[in-house]
Amino acid sequence: MSRSRTDRWLLVGLRASGAVTGAVVLLVIAFLLIESWPASRHVGLSRWITDPSWYPTSSAADGRFNLVPMLWGTLAAAGIAVALATPLALLSAVFCRFYAPPTIARFYRRMIQLLAGIPSVVYGLWGLTALVPLIQHFRPPGTSLLAGAAVLTLMILPTIALLADAALANVPGDHLRAAAAAGLSRPGTIRGVVFPAARAGIFTGILLGTGRAIGETMAVLMVCGNIVQTPTSLFDPIRTLTANIALEMAYAMGDHRSALFVSGLALMAIVIALVAMADRIGRGYAYA
Amino acid sequence: MTMTPDTLIPTKPVAVTVPPRPDHPPIIRAENLSVRYGDHRAFDQVTWTIARGRITALIGPSGCGKTSFLTCLNRLADLVPRCSVAGTLDIDGMDVLSAATDVIALRRRVGMIFQKPNPFPVSIRRNIALPLLDHRLCDRRTVDDHIERTLRAVGLWGEVKDRLNQSAFCLSGGQQQRLCLARALALKPDILLLDEPCSALDPISSGVVEDLIVSLRGRYTVVIVTHNLAQAKRIADDAAFFWLDGGAGRLIEHGPCRSVFENPAHPLTRAYIHGARG
C-alpha cells in the first residue's frame, strides 16, 4: 500500500520534471516568437533575405534588415570549426583509449577536461591578443573568419573529444574480444568494430560541439571583427548572428530590438534543423 | 564411500591412451601449463597433447579452468588484466607463449567461437569482409566470392543472401552463432576453439550448430568446451575431464571419448559422468 503510494509520488515527480523540461523549450520558442512578432509583421518575410544590407532602425520602413551575411558568418565559422575539430578530437580520443599508456592517458584526459572548462572569454582574450596579431601579420586586418573558426575549433575540440572518449570506453568488451579472437589488427579493430559500435556516442559529441560552435558569442565577438558582410575568404572579418545580438541589444529599440529576436529565432531554427538531421542520420545507423 | 579430493587426485593425470598414434599426430602440445589471475589459480600443471583433425571435448564443472585453457591457445588470455601463463605451449611448431610470437598470425590460425554469439556491430557482409581484408587474405574484387563461399559453408547463404547489408544483429541467435563460425572459417584456420557454442541457443539452433561442428571433423582441429555431456559424447573423438582441486583446475583424465565416457579410469571422472558430482 505505502509502496504503491511512493510509486505514485515518484511518478508525479517524474512527470513534473519531464513537463518542466519540455515546457522550458516551448516557452523559449514562444517568447522568441512573441518578441519577434512586431518585426516580422513590419518587415515582412522576404526582406530578411532581399534587403541590400543590415542597417536596422527602430521603425521598419527606414531600416534595412538583411540577415543572410550574418547567417553565412555563423555557418562558416561553425562549419570550419566542426570540420577541423572532429578529426582532431576523434584522433585524440583513440590515442587516449587505445594507444597511450594508462598514466599518460589519465593525464591527457585531465588536460582535455580542463580545456573544456576554460571560460569562453578567456579563449576570446587569447584569440584577440595572440591569434589576431599573428593573422594580421600575414593578412590584415587579422580579426577574421579564420580567427573565429580557430578559436571555436579549440573550444569545441574538448567537448567532442571527451564524448568520443566516453563512447569508446563504452564499447562492449564482447566486441573487443571478438575482434581480438579474429586476429584483427589494432587499426582494423578501431575502424571496423569500435567506431561502428561507438557511432551514436561520437555523433552526440559532434552534435553538442556543433551546437556550442553555433551558439558561442563572446569569443567570436572578440576575434571576428564584426563587420556585416558575406565572407569571401578566410581573412574577411565577419559578424555572427550571436555577436550581432550581443552587440546591438543594449541600444536597440522598436523594430530593431524585435529584429534581434528574429535572429535569435533563426539560431534556434538552425539548432532544431541540426537535431532533426542528426536524428535522421542516427536512425540510418540504427545498428547495435 | 566418501570421496576426498586429497586421496583421489593423482599427481599426474590418467592417460588412458598410449601416447599419440601416428594417424593422429598432435597439433597442440602443452607442458606444465598453468594460468593465474592475480592470486587465483585457474588451472595448474596441465600436460597434454591434442590430436590434429579431431574433435576434442573439454568437460568438467564450472570454474575448473576449461575456458582459461582455451584462451591460452589463442593468447586471448593476454586481454585479461593480471593474467599470467606459465609452462610451454606449442602449436604446430610455434612457441605460443613466447613474447616474439606474432599474435595476429596465431589468431588467424586458431579461431574462436564464444558462448554468446558476438558478431561485429556492422552488416552481415562486413562481418566476414572485415577479417578477410584485415588479414589481406583477399582483395576487394574477390571478397564477395569469399563471403558467399564462407556463408554457404555454414548453411547461412540461402537465409541471408538478400540482406547482406543489414545489421548482423537482425539475425536470430543461432544464425548469429553460425555467422561467427563463418567469420572464423573465412580465415582458413587450422584450429577452432569453441567455448560452449550451443549453450545460449534454442534446441533446434543448437542442433544445427552441432551438425556443423561435426562436419568440420578432419578438416579442422576442434577443441570444444561443453557442459552438455550428451553433446560431448555425440560429437567428440577425444575427451578431457577437468576438476577443481585445492582452488585450481586440474586435468584429471583424457583419452578417446568412448573410453572416458564408458570406461573412465578415475573415480572422479566416473562420478561426474554418472551425474554424482559437479
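Rules used throughout
- Residues numbered from 1 in each chain as written.
- Chains lettered and ligands numbered in written order.
- Predicted model: local features only at pLDDT ≥ 70, side-chain atom pairs only at ≥ 80, totals over all residues.
- Heavy atoms only, no water.
- Helix = DSSP H or I, 4+ residues; strand = E, 2+ residues; numbered from the N terminus.
- Buried < 20%, exposed > 50% of the residue type's maximum accessible area, 1.4 Å probe, protein only.
- Contact = heavy atoms within 4.5 Å.
- Buried area = accessible area lost by both parts, 1.4 Å probe.
- Salt bridge = Lys/Arg side-chain N within 4 Å of Asp/Glu carboxyl O.
- Polar contact = N/O pair within 3.5 Å; in protein donor to acceptor, adjacent residues only side chain to side chain.
- Nonpolar A, V, L, I, M, F, W, Y, C, P; charged D, E, K, R; others polar.
- 1 Å grid on protein atoms, 1.4 Å probe; cavity = no way out; pocket = protein on both sides within 12 Å on 5 of 7 lines; lining within 4 Å.
- Points joined across faces, edges and corners; volume = space filled by probe spheres on them.
- Core = buried A, V, L, I, M, F, W, Y, C linked by side-chain atoms within 4.5 Å.
- Pairing = 2+ DSSP bridges.
- Phe/Tyr/Trp six-rings, centres within 6.5 Å; stacked < 30°, edge-to-face > 60°.

K.L.:
Help me get a handle on the side chain of His 135 of chain B, residues and values and all.
P.N.:
Relative to the elements of secondary structure, His 135 of chain B occurs in the loop between α4 (124-134) and α5 (143-153). Using a relative accessible area of 16% as the deciding quantity, one classes His 135 of chain B as buried.

K.L.:
Mind laying out the interface of chain B and chain A, listing which residues take part and the relevant values?
P.N.:
On the side of chain A, 19 residues touch chain B, which itself brings 26 residues to the contact. Taking both partners together, chain B and chain A bury about 1800 Å²; carbon and sulfur atoms supply 64% of that area. The interface formed by chain B and chain A contains one salt bridge. Of the charged contacts, one joins Lys 116 of chain B and Asp 174 of chain A as a salt bridge, the two residues approaching to 2.9 Å between their closest N and O atoms. Linking chain B to chain A there are four residue pairs in polar contact (both at pLDDT 80 or more). Of all the elements in the fold, those that place two or more residues in the side of chain B that touches chain A are α3 (103-109), β7 (110-113) and α4 of chain B. Here the side of chain B that touches chain A gets four residues from one element, more than from any other, and that element is α4 of chain B. For the side of chain B that touches chain A, the per-class residue count stands at 14 nonpolar, seven polar and five charged.

K.L.:
Please set out the layout of surface pockets residue by residue, giving values where relevant.
P.N.:
Where empty space is left can be seen by rolling a probe of water-molecule size over the atoms. Put simply, the second largest pocket is a space of about 400 Å³. Residue assignment for the lining of the second largest pocket shows that the elements contributing at least two residues are α7 (173-181) and α8 (186-215) of chain A together with α3 of chain B. Partitioned by chemical class, the residues of the lining of the second largest pocket number nine nonpolar, three polar and two charged.

K.L.:
Account for the nonpolar core, naming residues and giving values.
P.N.:
In this structure, Trp 48, Leu 168 and Ile 202 of chain A are the most contacted members of the largest nonpolar core, which totals 57 residues. Every element with two or more residues in this core is listed here: α1 (2-43), α3 (68-99), α5 (120-138), α6 (145-169), α8, α9 (218-223) and α11 (254-284) of chain A. Ranked by residues supplied to this core, first place goes to α6 of chain A with 12 residues. Setting aside chain neighbours within four positions, we find Leu 168 of chain A in contact with Ala 93, Val 94, Arg 97, Phe 98, Val 194, Phe 195, Ala 198 and Ile 202 of chain A. Val 160, Ile 235, Phe 241 and Tyr 272 of chain B belong to the second largest nonpolar core, which has 51 residues in total.

K.L.:
Pulling in residues and values, what's your account of the pattern of salt bridges?
P.N.:
Taken as a whole and judged by the stated rule, the model has 20 salt bridges over all chains. Salt-bridge contacts for Arg 177 of chain A lead to Asp 174 of chain A; the nearest nitrogen and oxygen are separated by 3.3 Å. One end of the pair, Arg 177 of chain A, and the other, Asp 174 of chain A, are both in helix α7, three residues apart, so they sit about a helical turn from each other. A salt bridge links Asp 78 of chain B to Arg 75 of chain B, with the shortest nitrogen-to-oxygen separation between them at 2.9 Å. On the basis of relative accessible area, Arg 75 of chain B is assigned to the buried category, the value being 12%.

K.L.:
Would you mind going over the pairing of β7 of chain B in detail, with residue names and values included?
P.N.:
All names here are of chain B. What you see with β7 is no split at all: Val 110 and Met 112 on one side and Gly 111 and Ile 113 on the other are buried throughout. As paired strands, β7 and strand β8 (residues 191-195) are joined by four bridges and run parallel to one another. Counted as the bridge partner of Met 112 is Leu 193 from β8.

K.L.:
So what's going on with the packing of aromatic side chains? Which residues, and what values?
P.N.:
Two measures describe an aromatic ring pair: the distance that separates the ring centres and the angle between the ring planes. Using the criterion set out here, one finds 10 aromatic pairs over all chains in the structure. Summarising the aromatic geometry, the rings of Phe 95 of chain A and Tyr 108 of chain A are spaced 5.4 Å apart at their centres and angled 75° between planes, so their arrangement reads as edge-to-face. One end of the pair, Phe 95 of chain A, is in helix α3; the other, Tyr 108 of chain A, is in helix α4 (residues 102-117), with 13 residues separating them in the sequence. The class of Phe 95 of chain A is partly exposed, set by a relative accessible area of 33%. On the accessibility criterion, Tyr 108 of chain A (27% relative accessible area) is partly exposed. Pairing Phe 69 of chain B with Phe 242 of chain B gives two aromatic rings, centres 5.9 Å apart and planes at 55°, and the pair type is tilted. You can see Phe 69 of chain B sitting in helix α2 (residues 66-73) and its partner Phe 242 of chain B sitting in strand β10 (residues 238-245), a full 173 residues away along the chain. The buried category is assigned to Phe 69 of chain B, whose relative accessible area is 1%.

Bear in mind that shape data such as this cannot, by itself, settle questions of function.
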